[in-house]
Amino acid sequence: MVILMSIYIKNKKWKGHLKTYMSMDNFPVIKGYDFEEPFDFNKLVESYQNMGFQGSNLGTAFKILSNMLEEKKHGKLKIWMSFTGNMISSGNREILTYLVKNKLIDGIITTAASLEEDIIKCIKPFHLGTFDIPGKFLLDESIGRIGNILAPMDRYLYFERFFNDFFKKLLKEFEGIPCTYEVVSEMGKFVGNHKLTKKNCEQSFVYWAAKNNIPVFCPGITDGAMGDLTTFFKRRNPEFAIDVTKDNFTHTTMLQTTNKAGCIVLGGGIAKHFLLNSAIFREGFEYSIYITTANEFDGSDSGGNQEEAISWAKIKSNAQRVKVVADATLIFPLLIAGTIGKLKTFK
């Protein structure tokens, strides 16, 4: 349907002519939540779809995740996640642990920082600071800063004790050369038994991943404090090794043998790329949710949008997909809260 409007145009060539315009009658109306009504969280969630800007993208993410969970509930879909270490530095750790504990995801790709900080937080917590504390002051006080999160250096001394004990056990008892998902699985079991971590082991996503047989891959396992400790350990034990090529083979095989698959990507980096690159072997994901602050204009994979991923067959062209450009500590808790009713049905 079209409507005709007579408009005044200064250009004499068009003056007095009728111009044809496309009707907007069938398009969604931009409208926010009405707080004059009794508060209803479910209606608030629904209202995001008509918010505009990134609010509407979040509204789409609510809908896509709900569809993903519904398919998973009926055994038709496997959900994979990738996230960066800062998600575990932050309070998103507790939300991710909830998902793993309740078997709401089927596999994880993450970074070395996620693993080490998950272990550390079983021993001692991180604390809230500010983004602008002078670096020299923190250095003099032996405190590391992750954004506005403070990580006292003594945490890493405890972490070193845990890991030296873990590596010794792994080297002694594991047959062959483990890949990273095997290392993380053994690590999760060790969290439940080690004197430093067993008291708070149920706070750990690594612990629950091992308990629920959810594979956790870490393609950058030699980064960060973990990388430092593997270096020191290998100097003392030259035979120690981790087979990263087995990770690729195993992960691509898992995705190839999955009927339908969806992904939730928090942030970017190596975790995102490893997950999406493996999806090429199955010609892409059927569902995809990105939450990131990175943009696509510098050509980095971290900021790459889903149209770019489609060009590489990482996401199917007809996939349900959305990219929410926002800090995941703002959006991810809302996304999970907005679908919590469906999540509870899995218990």
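S.K.: What should I look at first to understand the overall build of the protein chain in this one?
M.R.: Looking only at helices and strands, the protein chain features 15 helices and eleven strands. Each principal axis of the C-alpha distribution contributes one length, and for the protein chain these read about 90 × 50 × 45 Å. Out of the 347 residues belonging to the protein chain, those deemed buried represent 47%. Sequence separation of 24 or more characterises 71% of the internal contacts of the protein chain that already satisfy a separation of 6 or more. Total accessible area computed for the protein chain in this model is approximately 18,300 Å², and 55% of it derives from carbon and sulfur atoms.

S.K.: Sorry, what's going on with the side chain of K121 here?
M.R.: Turning to its location among the elements, K121 is positioned in helix α5 (residues 112–123). Of the side chains with opposite charge, E94 comes closest to the buried, unpaired K121, at an N-O distance of 5.3 Å. Polar contacts involving the side chain of K121 include one to the main-chain carbonyl oxygen of S89, which spans 2.7 Å. If we ignore the near neighbours within four places in the chain, the residues touching K121 are I88, S89, S90, R93, F126 and Q203.

S.K.: Could you clarify how one ought to interpret the pattern of salt bridges in this entry?
M.R.: Pairs may arise between side chains of opposite charge once their charged atoms sit close together. Considering all chains together, one arrives at 15 salt bridges under this definition. For E286, the salt bridge is made with K316, and the minimal N-O distance between the two is 3.9 Å. One end of the pair, E286, is in strand β10 (residues 285–292); the other, K316, is in strand β11 (residues 315–325), with 30 residues separating them in the sequence. The residue R321 makes a salt bridge to E307 at a minimum N-O spacing of 2.7 Å.

S.K.: What am I meant to see in the packing of helix α7 (residues 154–173) against helix α10 (residues 224–236) here?
M.R.: Helix packing for two helices is described by the angle between their axes and how far apart those axes are. Across the interface, α7 lies against α10 with an axial gap of 10 Å and an inter-helix angle of 50°. As the angle between them shows, α7 and α10 are arranged oblique. Crossing of α7 over α10 shows right-handed handedness. Contact with α7, carried on its side by Y156, F159, E160, F163, N164, F167, K168 and L171, involves A225, M226, L229, T230, F233 and R236 of α10 and no other residues of that element. Of the residues belonging to the contact of α7 with α10, the class tally is nine nonpolar, two polar and three charged.

S.K.: Got a minute to help me understand a nonpolar patch on the surface in this structure?
M.R.: Nonpolar side chains collect at one region of the surface, where M22, M24 and F27 lie side by side and expose about 340 Å² of accessible area between them. Tracing the backbone shows F27 in the loop between β2 (18–22) and α1 (41–47).

S.K.: Even after reading the chapter, I still don't get the layout of surface pockets, so can you show me in this structure?
M.R.: Over the atoms, a rolled probe matching the size of one water molecule traces out where space is still vacant. The volume enclosed by the largest pocket comes to roughly 350 Å³. N86, M87, D327, A328 and T329 are the residues nearest the centre of the largest pocket, which is lined by 21 residues in total. Secondary structure elements with two or more residues in the lining of the largest pocket: α3 (86–89), β10 and α14 (328–338). It is α3 that contributes the most residues to the lining of the largest pocket, three residues altogether. Looking at the lining of the largest pocket, its residues break down into eight nonpolar, twelve polar and one charged.

S.K.: Teacher, can you tell me more about helix α12 (residues 269–279) here?
M.R.: In an α-helix, one turn spans 3.6 residues; hence positions three or four apart end up facing the same way. Three or more residues of α12 are buried, namely A271, K272, F274, L275, L276, S278 and A279. Buried residues belonging to α12 abut β3 (78–83), β4 (107–111), β8 (216–220), α11 (244–256), β9 (261–266) and β10.

Here is what the cut-offs are and how they apply
Residues numbered from 1 in each chain as written. Predicted model: local features only at pLDDT ≥ 70, side-chain atom pairs only at ≥ 80, totals over all residues. Heavy atoms only, no water. Helix = DSSP H or I, 4+ residues; strand = E, 2+ residues; numbered from the N terminus. Buried < 20%, exposed > 50% of the residue type's maximum accessible area, 1.4 Å probe, protein only. Contact = heavy atoms within 4.5 Å. Areas by Shrake-Rupley, 256 points an atom, 1.4 Å probe, with all protein chains shown as cover. Lys, Arg positive; Asp, Glu negative; His and termini not counted. Salt bridge = Lys/Arg side-chain N within 4 Å of Asp/Glu carboxyl O. Polar contact = N/O pair within 3.5 Å; in protein donor to acceptor, adjacent residues only side chain to side chain. Axes fitted to C-alpha atoms, helices over the stretch in contact; angles between N-to-C directions. Parallel < 35°, antiparallel > 145°, perpendicular 65-115°, else oblique. Left-handed = near helix turned anticlockwise from the far one by under 90°. Nonpolar A, V, L, I, M, F, W, Y, C, P; charged D, E, K, R; others polar. Patch = residues over 30% accessible without salt bridge, like charges linked within 9 Å, V, L, I, M, F, W, Y side chains within 5 Å. 1 Å grid on protein atoms, 1.4 Å probe; cavity = no way out; pocket = protein on both sides within 12 Å on 5 of 7 lines; lining within 4 Å. Points joined across faces, edges and corners; volume = space filled by probe spheres on them.

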